[in-house]
Amino acid sequence: VNRKDRAFWERQQQTPLYAALTRHTGRSPRPFHVPGHKGGRSFDPEGLERFSAILPLDLTEITGLDDLHQAEGVIAAAEALAAEAFEAEMTRFLVAGSTVGNIALIMTICRPGEKILVQRNSHKSVFHGIMLAQARPVYIVPAIDPDTGIAACLRREDVERALQAHPDAKALFLTNPTYYGMGTDLAKMALLVHRYNIPLLVDEAHGAHYGFHPALPPSAMQSGADAAVQSTHKTGTSMTMTSMLHVQGERINRERLGQVLAMLQSSSPSYPLMASLDLARRHMVFHYAAEAERILPQLALLRERLSRLPWLGTAVCAESSVYSTLDPFKLLLSLRSGQLNGYQLQARLEERGIFPELAQTGHLLLAASTGTSPEDLEWLWRALEEISAGQAATLATLPPSGLLASAYLREQAVPMEAAVYAGKRLVELEQAEGLISAEMVIPYPPGIPLLAPGERIDADAIAVLRELRAGGARFHGVTDGRLERIAVLEKV
Ligand SMILES: Cc1ncc(COP(=O)(O)O)c(C=O)c1O
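Heads up: these notes are all about the structure in this document. (Residues numbered from 1 in each chain as written. Predicted model: local features only at pLDDT ≥ 70, side-chain atom pairs only at ≥ 80, totals over all residues. Heavy atoms only, no water.)

Focus on the environment of Thr108
Move 1: In this structure, Thr108 sits in helix α5 (residues 97-109).
Move 2: Judged by its relative accessible area of 5%, Thr108 is buried.
Move 3: Once residues within four sequence positions are removed from consideration, Thr108 is found in contact with Ile252, Asn253, Arg256, Leu257 and Val260. (Helix = DSSP H or I, 4+ residues; strand = E, 2+ residues; numbered from the N terminus. Buried < 20%, exposed > 50% of the residue type's maximum accessible area, 1.4 Å probe, protein only. Contact = heavy atoms within 4.5 Å.)

What follows is the structure, given as structure tokens:
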């Protein structure tokens, strides 16, 4: 941060988009434009009390407020400041989350039938992007972390093998960090991928804060990636649905990217949401490091305390780990008690007012941030200590959840793009072994498809899905939300 000059700090003080909105409301305008609530004048009275501060800012593309899809005024200025802060050459604000950023990147890079190298444990939006682009995925299976059984990062040797085997691939798309906070050495990955002269695209949904404190890994932009999509709303400080897409170098066609984003995003993007990106950028530049400095030692203390509970393990990045970075804000607990699984621990914590990010059979994921208070951490520790009282007696190592331990690679019996639009029928999950999936089966969270269209359903997949179903997991992408039945290809 100290390499930045005075002019940088002066520029970054500005919030051109937010300032334009507040300036406009200060003029007591008479709105003859959408939205119909007209600053809250026609709005449900009960909701008005809470919404009233925001509604006057809920404006649209009127004079002085620019246009996200053709930005040349205050939105362009806000995006330029974000590019400077996040060390990109160009930044685009997104109002449909990282989902739209991932889809747009793939549609920018791939024409129908073209190959793209993809980390198999990617978020569903990456698969949806491939479907929409009608591209051909070449999956690379991640290393599985032996301590937790969780699918982590790609190994460089696997990536190099794929690059050699598929010289016609148009890009490598990987996720860094993963939902669980695990990351790879991105700078080395970028060098490798660039030797083959294709772009490195990074789903950095969970790394919007990377590079903003010395204890955090460098960001994808700092590591030399060509494009990165960040959910500023997840680990940064903006409102839900707001993300940023950063680009640098010449390998991404920026004009096409703009066209694709215009096709995919609303023509009426929310100004309060976009302004929250403008404010989050300023807040992160000026305050993120200090806020992180206050809470990171408390998180370290909590980890130390947790190490005293034998029924709980916490992920630790060591020399021997299959990942090389770990987000200190993510607290991944592995349950070693035979008495309590992840779903049950979640319920016990929720009884005490603590709401985790995700539960699985053998794990619980807690997402802290610079918004977490020392009191939150103390409350969590007390709750775990209390729950601990009943746990010590029987210590058993739960087998890591099959979902996580299972290799993500299944036989791609039919190309994904053919399977998506083929005829399908529903069969009982238990009867599906050997048949070909016609749908994406996505346990949510974390939103990583266990089955993709065209993959052959094997006994392992059925066992894992049954386990998840019994644990009460939710499924996206499926016809039958309870997953008693699964859609398979009609013919084959
Ligand atoms: C790895 C990963 N990528 C992308 C996304 C999509 O992000 P968003 O919710 O901002 O659309 C998620 C959301 O959970 C995710 O976990």
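Additional details are given in the paragraphs that follow.
As for the nonpolar core
Move 1: With 73 residues, the main nonpolar core has Leu345 and Leu384 as its most contacted residues.
Move 2: Residue contributions to this core peak at 13 residues, all from helix α11 (residues 271-306). (Core = buried A, V, L, I, M, F, W, Y, C linked by side-chain atoms within 4.5 Å.)

Re the site of the ligand
Move 1: Lining the immediate surroundings of the ligand are 14 residues, of which Thr99, Asp203, His206, Ser231 and His233 lie closest.
Move 2: A distance of 2.5 Å separates a nitrogen atom of the ligand from a polar side-chain atom of Asp203.
Move 3: Between the ligand and Ser231 there is a distance of 2.8 Å, counted from an oxygen atom to a side-chain nitrogen or oxygen.
Move 4: Relative to its unbound accessible surface of 380 Å², the ligand loses 90% to contact with the protein.
Move 5: With four residues, the single largest contributor to the shell around the ligand is α5.
Move 6: Here the shell around the ligand is built from residues that sort into two nonpolar, ten polar and two charged. (Near = heavy atom within 4 Å. Polar contact = N/O pair within 3.5 Å; in protein donor to acceptor, adjacent residues only side chain to side chain. Areas by Shrake-Rupley, 256 points an atom, 1.4 Å probe, with all protein chains shown as cover. Nonpolar A, V, L, I, M, F, W, Y, C, P; charged D, E, K, R; others polar.)

Some points on unusual backbone geometry
Leaving glycine aside, a negative phi is the common case for residues, and trans is the common case for peptide bonds.
Move 1: Here the bond from Val34 into Pro35 is cis, since omega is 5 degrees, no more than 30 degrees from zero.
Move 2: With respect to the element layout, Pro35 can be found in the loop between α2 (16-26) and α3 (45-51).
Move 3: Even without being glycine, Met241 reaches a positive phi, approximately 90 degrees.
Move 4: Positionally, Met241 belongs in the loop between α9 (232-235) and β8 (243-247).
Move 5: Using a relative accessible area of 44% as the deciding quantity, one classes Met241 as partly exposed.

Notes on the environment of Val260
Move 1: With respect to the element layout, Val260 can be found in helix α10 (residues 254-264).
Move 2: Counting along the chain gives 152 residues from Val260 to Thr108, while the straight-line C-alpha distance between them is 6.8 Å.
Move 3: With residues up to four places along the chain from it excluded, the contact list for Val260 reads Ala104, Met107 and Thr108.

As for the sheet that holds strand β11 (residues 330-335)
Sheets are built from strands that pair by backbone hydrogen bonding, the pairs being arranged parallel or antiparallel.
Move 1: Strands sit in the order β9-β11-β13-β12 across an open sheet of four strands; the sheet is antiparallel. The strands lining the two open edges of the sheet, one partner per strand, are β9 (312-314) and β12 (358-359).
Move 2: One ladder, built from two bridges, connects β12 with strand β13 (residues 363-367); its direction is antiparallel. By the bridge assignment for β13, Leu358 is matched with Leu365.
Move 3: Running over the sheet, α11 touches β9 and β11 and is turned about 10 degrees from β11. (Pairing = 2+ DSSP bridges. Axes fitted to C-alpha atoms, helices over the stretch in contact; angles between N-to-C directions.)

Quick look at the pattern of salt bridges
Move 1: As enumerated under the stated definition, the model contains 23 salt bridges in all.
Move 2: One salt bridge connects Arg6 with Glu10, and the closest N-O pair in it is separated by 3.4 Å. Within this pair, Arg6 and its partner Glu10 are both found in helix α1 (residues 6-12), separated by four residues, close to a single helical turn.
Move 3: On the basis of relative accessible area, Arg6 is assigned to the exposed category, the value being 66%.
Move 4: Note that Arg281 is salt-bridged to Asp278, the shortest N-O span being 3.1 Å. With Arg281 and Asp278 both in helix α11 and three residues apart, this pair spans about one turn of that helix. (Salt bridge = Lys/Arg side-chain N within 4 Å of Asp/Glu carboxyl O.)

Describing the state of the cysteines
Move 1: Going through the model one piece at a time under the given rule, you end up with zero disulfides.
Move 2: Cysteine Cys317 shares no disulfide, and the gap to the nearest cysteine sulfur, in Cys153, comes to 9.1 Å.
Move 3: Classification of Cys317 as partly exposed rests on a relative accessible area of 31%. (Disulfide = S-S within 2.5 Å.)

Some details on the sheet that holds strand β1 (residues 90-94)
Move 1: Strands sit in the order β1-β8-β7-β6-β4-β2-β3 across an open sheet of seven strands; the sheet is mixed. The sheet is open, and its two borders are formed by β1 and β3 (136-140), each paired with just one other strand. The average undirected angle you get between the axes of adjacent strands in this sheet is 20 degrees.
Move 2: Bridge count between strand β4 (residues 172-175) and strand β6 (residues 200-203): four bridges; the pairing is parallel. What sits directly across from Leu172, in β6, is Leu200.
Move 3: Against the sheet, helix α4 (residues 74-85) makes contact with β1 and β8, and its axis sits at roughly 120 degrees relative to β1, the strand it touches most.

By themselves, these figures tell us nothing about what the structure is for.
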